[in-house]
Amino acid sequence: MASSTLCLPNMMLAFHVLLQLVWHDALRPGQSFVGIQRLQAVRDLLRGAVPDLALRLTSRPLHTGEDGVVLGYWAARGTHTGALGPDLPASGTAVSWEGSVVVRTRPVSTPNSSTPGAGAAPQADSAEAGEAEPASQQTAAGAALEGVEVWWSWDPVFLFRQMGWKECPPAKAQQAAEGTDAGAAPTGAEAAEGGAEGDAASKEEPVTEENDLCLRTAAAARRAYATEAEAVEAAAAAVAASAAAAERVGESAEALAAAQAANRAVVELYFHTYNTGHYGVLDHIVDPEYQYDGLLDLGDKRGRAAMSAMMGGWRDCVPDLAIGHELFVAVGGDRVTFRWVIRGTHSTPDSKLLGVPAGGAALHVMGVTTLTLRGGRICRKISHANAAVTLQQLGAARAPQLPGL
């Protein structure tokens, strides 16, 4: 199958990519960019706004996981000397932002790894490499990888704000634009993130468990345990199994696979709790030093208090909340990465979500999260989602227009 070589600037990450690579970018949550040309459009838009854009990996070595998944973290910086669409003209401001990249790969059979154009397996930079992945998770030296699907995850709102984005409600944004297209109020499709790929909502059909993966996985999480007592008992057992498996993770490929399965079982209980409010589970699955990096502002909360505040921040505002997952893989011996999707209605009286009072807004929010486990318990959460689009769905802002995407 035809392929090309992808080398993300300054990131020292190169591998074959299918010419029909599927790229998911937080700039357009719910919309896939298919093909190298679409990916180049994303690159050109950002480079047009930040010509001196510099990207670098902040995690080395890259983390490898199940199903050929590779996980890394990146940071970008530059100067905003060009327009990022009609709403964000050049400001001359130094900007910086960061996020994660998840790549689903598969091996490429090449008779000679030195063949021109062959992609190389991600390599650690010896000067910056941390603890190596278990040998059984590493790609053989010289083996080429073919990128099939990419999740490029970050929160564009941090970049938009640095570029001068004004978070005014859609009606005010329309008035400010004096009737031009650039200020038009968002359409229904725009307010729902432009539509989700392969989703029934884009076809104007009722969204059900049968035709929506989010609702289906959320329902499975709710039904996993009939009572909170059952879920708590399962959580205690899952944590013990994960902790025991972690002690043997480096012994063999089988031991690593067992640890990954045990870690996924713990994270499934995370989804059960999110969907049911069975917070007693958190007493078992959350590390006392748990830290959260995500969409909500939890102040200095740590441990169980941080996890319950994070879940409650959504559940208390969205009574019909359903959170499911699409991508769901164990990475290395201590992480689980997933693409989550939330559906629900911001309808709880007197509640505020992201500082916005309840107004009955329908929500369809998605992002990518990596949970790190220690001793069978979740000790770190790094999550990225597009807050600008979420604020637009809540009716509190109009996300900047990004022509060409």
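Details of the structure are given in the entry above.
The structure displayed is predicted, hence computed values, not measured ones. Residue positions are given per chain, counted from 1 along the sequence in the order it is written. Local features in a predicted model are, by the rule used here, given only for residues with pLDDT of at least 70; side-chain atom pairs are given and counted only at 80 or more, and totals for whole chains, interfaces and linings are based on all residues. Note that water and hydrogens are dropped before the side-chain values are worked out from all heavy atoms of the structure.

**A word on the layout of surface pockets**
- Grid points spaced at 1 Å and placed over the protein atoms alone form the basis of the search, with a cavity being a set where a 1.4 Å probe fits but cannot get out and a pocket an open set showing protein on both sides within 12 Å along at least five of seven lines. Lining residues have an atom within 4 Å of a point. Grid points are joined across faces, edges and corners, and a volume is the space filled by probe spheres set on the points. If you add up the space inside the largest pocket, you get close to 620 Å³.
- If you trace the largest pocket, you find 31 residues lining it, with D293, G294, I382, S383 and H384 closest to the centre.
- Under the scheme used here, helices are H or I runs from DSSP no shorter than 4 residues and strands are E runs no shorter than 2 residues, and both carry numbers assigned from the N terminus. Of all the secondary-structure elements, those providing two or more residues to the lining of the largest pocket are β6 (69-79), β7 (94-108), α7 (253-276), β9 (286-293), α9 (303-315), β11 (335-346), β14 (361-374) and β15 (377-385).
- If you tally residues by element for the lining of the largest pocket, the top one is β15, at six residues.

**Quick word on the nonpolar core**
- Nonpolar cores are built from buried Ala, Val, Leu, Ile, Met, Phe, Trp, Tyr and Cys residues. Side-chain atoms within 4.5 Å join them into one set. Partly exposed describes any residue whose relative accessible area lies between the buried limit of under 20% and the exposed limit of over 50%, with all areas from a 1.4 Å probe on protein chains only and scaled to the type maximum. If you look at the biggest cluster of nonpolar residues, it comprises 78 residues, and the most contacted ones within it are Y270 and I285.
- No other element matches the six residues that α7 contributes to this core.
- Residues contacting Y270, with those up to four places away along its chain left out, are I285, M307, M310, M311, F338, L371, I378 and K381.
- Core analysis: the next-biggest nonpolar cluster, separate from the first, contains 10 residues, L71, W151, L327 and I382 among them. Only heavy atoms matter for contacts: two residues are in contact if any of them lie within 4.5 Å across the pair.

**Observations regarding the sheet that holds β15**
- Paired strands, as defined in this entry, are two strands with at least two bridges between them according to DSSP. Across the sheet, which stays open at both edges, the five strands sit in the order β9-β15-β14-β11-β10 with mixed pairing between neighbours. Lying at the two open borders of the sheet, with one neighbouring strand each, are β9 and β10 (322-331). Put simply, the sheet's adjacent strands are angled 20° from each other on average, direction ignored.
- As judged from the four bridges shared by β9 and β15, these two strands associate in the parallel manner. Opposite Q291, over in β15, you have R380 as the bridge partner.
- Sheet strands touched by α7: β10, β11, β14 and β15. Its angle to β10, the strand with the most contacts, is close to 165°.
- Axis definition: a line fit to C-alpha positions, over the contact stretch in the case of helices; interaxial angles, taken between N-to-C directions, run 0 to 180 degrees. In this fold α9 packs onto β9, β11, β14 and β15, with an angle of close to 50° to the strand it touches most, β9.

**Here's the deal with the pattern of salt bridges**
- The term salt bridge refers to a pairing of a side-chain nitrogen on Lys or Arg with a carboxyl oxygen on Asp or Glu at a separation within 4 Å. The full count for this structure, using the stated rule, is 13 salt bridges.
- Across the pair R106 and E146 runs a salt bridge, and its minimum N-O distance is 2.7 Å. Pair noted here: R106 is in strand β7 and E146 is in strand β8 (residues 144-154), with a separation of 40 residues, a long-range link.
- In this structure R106 comes out as partly exposed when scored by relative accessible area, which is 36%.
- Taking relative accessible area as the criterion, E146 reaches 9% and is therefore assigned buried.
- The shortest N-O distance in the salt bridge between R223 and E209 comes to 2.9 Å. Of this pair, R223 sits in helix α5 (residues 213-223) while E209 sits in the loop between α4 (188-191) and α5, placing them 14 residues apart in sequence.
- On the basis of relative accessible area, R223 is assigned to the exposed category, the value being 59%.

**Notes on unusual backbone geometry**
- Positive phi is not limited to glycine here, since D67 has a value of about 55°.
- Checked against the element boundaries, D67 lands in the loop between β5 (63-64) and β6.
- Although it is not a glycine, D350 sits at a positive phi angle of roughly 65°.
- For D350, a relative accessible area of 82% corresponds to the exposed category.

Shape is all these values report; function is a separate question.
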